[in-house]
Amino acid sequence: MKIKLFALGIITLCISHQSFAQQADTTWKHSLIAGLNLSQVSYSNWAQGGEDALAYSILIAGKSINDLPNTNWTTQYNFAYGQTKLGDKSSRKTDDKIEISSVFTYKLGVYVNPYASVTFLSQFTTGYKYTDTSRTGISDFLDPAYSTQTIGLGYEPMKQFKTRLGIGIRETFTKLYTQYSDDPSTTEVETTHIEGGFESITDFSAQLDENILYTTKLQLFAPLKTMGRIVVHFDNILTAKISKYLSTNLTVNVINDQVVTPRTQIKEGLSLGITYSIF
């Protein structure tokens, strides 16, 4: 219960702080985009064989920026969820993400400035590992949940490129799936794991053509006690806008977290769907 209250508190704070700030001044700028991708195949007396298939994914991405002469406060949030159903098999997840980050920067110079940040990462529903005859739960809503608080220096030589490096604390919260937080060297089963370390986050975007945009984000966290076990999250998105509301996306996500698995995780997806800018 404490985990859920803590995590929901972070989500509420990060999403709502700009609403309160907007009431105090009009310098906040907000954007919110929603996307829906859907594919379906159905067969009836189809001689060549095949199975019915249905897949969907929902994306909500938002940003709130308060850019003043001496400070910048930027909050970003990304929510995604998707499922696929093949034939008579039960629906399986293809995407599930809760990601929130908030960065406060104090402007000292032209390119290099100090900052403080908080990030939060989790998922909405239970994740399973499947076999031919069974499934086993391996994660759930806020189980695990990750939160990182960092202070450091940021460098932004251009709008398309920015990077920051700092030192901070990374917390892992669990409830049932303690393999993400437990220290195997102790007899007690820990549901919370806290570690200090260095964090680096780099964002880059490039307009490859009039209707083609490439964005990438590289997140690194190196624990002080185990500097050789760097946690890597590397996200790449290539978006081609077909019309005002229709676009296609190619995504490649790479994760290297030895606590979760000793192998590098890679996910690739190609989708065509509707994207709508709410504001």
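Residues numbered from 1 in each chain as written. Predicted model: local features only at pLDDT ≥ 70, side-chain atom pairs only at ≥ 80, totals over all residues. Heavy atoms only, no water.

Points about the pattern of salt bridges
According to the stated counting rule, one finds seven salt bridges in the structure shown. Taking the shortest distance from any N to any O, the salt bridge between Asp-257 and Arg-170 comes out at 3.9 Å. Of this pair, Asp-257 sits in the loop between β13 (246-256) and β14 (265-277) while Arg-170 sits in strand β9 (residues 161-173), and the two are 87 residues apart along the sequence. Here Asp-257 and Arg-170 have matching classes, each one buried. Through salt bridges that share partners, Lys-97, Glu-99 and Lys-217 make up one connected network. (Salt bridge = Lys/Arg side-chain N within 4 Å of Asp/Glu carboxyl O. Helix = DSSP H or I, 4+ residues; strand = E, 2+ residues; numbered from the N terminus. Buried < 20%, exposed > 50% of the residue type's maximum accessible area, 1.4 Å probe, protein only.)

Thoughts on the packing of aromatic side chains
All chains considered together, the criterion is met by eight aromatic pairs. Where Tyr-111 meets Tyr-155, the ring centres are 6.2 Å apart and the plane angle is 75 degrees; that geometry is what we call edge-to-face. Residue Tyr-111 is located in the loop between β4 (92-106) and β5 (112-122), and its partner Tyr-155 is located in strand β8 (residues 145-158); the two are separated by 44 residues in the primary sequence. By relative accessible area, Tyr-111 is classed as partly exposed at 43%. Looking at Arg-135, its charged tip hangs above the ring of Tyr-128, at a distance of 3.9 Å from the centre. (Phe/Tyr/Trp six-rings, centres within 6.5 Å; stacked < 30°, edge-to-face > 60°. Lys NZ or Arg CZ within 6 Å of the ring centre and 35° of its normal.)

Some words on the sheet that holds strand β12 (residues 231-241)
If you walk around this closed barrel you meet the 12 strands as β1-β2-β3-β4-β5-β8-β9-β10-β11-β12-β13-β14, and the pairing is antiparallel. Ignoring strand direction, the axes of neighbouring strands in this sheet form an average angle of 20 degrees. Two elements, strand β10 (residues 192-209) and strand β11 (residues 212-223), share 12 bridges in a ladder whose sense is antiparallel. Directly across from Phe-198, in β11, lies its bridge partner Ala-222. (Pairing = 2+ DSSP bridges. Axes fitted to C-alpha atoms, helices over the stretch in contact; angles between N-to-C directions.)

Things to note about the pairing of β4
In this sheet, β4 lies alongside strand β3 (residues 71-86) in antiparallel orientation, the contact comprising 14 bridges. Counted as the bridge partner of Asn-78 is Glu-99 from β4. Where β3 folds back on β4, the antiparallel hairpin that results is connected by five residues, among which Gly-87 adopts a positive phi of roughly 60 degrees. Summarising the sheet, β4 and β5 pair through eight bridges and their orientation is antiparallel. Along β5, the bridge assignment pairs Ile-100 with Phe-120.

Overview of a nonpolar patch on the surface
A cluster of nonpolar side chains, contributed by Ile-242, Tyr-245, Leu-246, Leu-272, Ile-274, Tyr-276, Ile-278 and Phe-279, occupies part of the molecular surface with about 780 Å² of accessible area. The element that contributes the greatest number of residues to the nonpolar patch is β14, accounting for three residues. As for its placement among the helices and strands, Ile-278 is situated in the segment after β14. Looking at Ile-278, the relative accessible area reads 44%, which means it is partly exposed. (Patch = residues over 30% accessible without salt bridge, like charges linked within 9 Å, V, L, I, M, F, W, Y side chains within 5 Å. Areas by Shrake-Rupley, 256 points an atom, 1.4 Å probe, with all protein chains shown as cover.)

Things to note about unusual backbone geometry
Following Asp-143, the chain continues into Pro-144 via a peptide bond in cis, with omega recorded as 10 degrees. Tracing the backbone shows Pro-144 in the loop between β7 (135-139) and β8. One non-glycine residue, Leu-142, lies in the positive phi region at around 60 degrees. Assignment of secondary structure puts Leu-142 in the loop between β7 and β8. A residue is classified by how much of its surface remains accessible, and Leu-142, at 1% relative accessible area, is buried.

A look at the side chain of Ser-247
Along the chain, the position of Ser-247 falls in strand β13. Sequence-distant contacts of Ser-247, defined by excluding residues within four places in its chain, comprise Thr-239, Ala-240, Lys-241, Ile-242, Ser-271, Leu-272, Gly-273 and Thr-275. (Contact = heavy atoms within 4.5 Å.)

Structural notes on the nonpolar core
If you look at the biggest cluster of nonpolar residues, it comprises eight residues: Leu-32, Tyr-77, Phe-79, Ile-98, Ile-100, Phe-120, Leu-142 and Ala-145. At the level of secondary structure, the elements contributing two or more residues to this core comprise β3 and β4. Once you skip the residues sitting within four places of it in the chain, Leu-32 turns out to touch Ile-60, Ala-61, Gly-62, Tyr-77, Tyr-276, Ser-277, Ile-278 and Phe-279. (Core = buried A, V, L, I, M, F, W, Y, C linked by side-chain atoms within 4.5 Å.)

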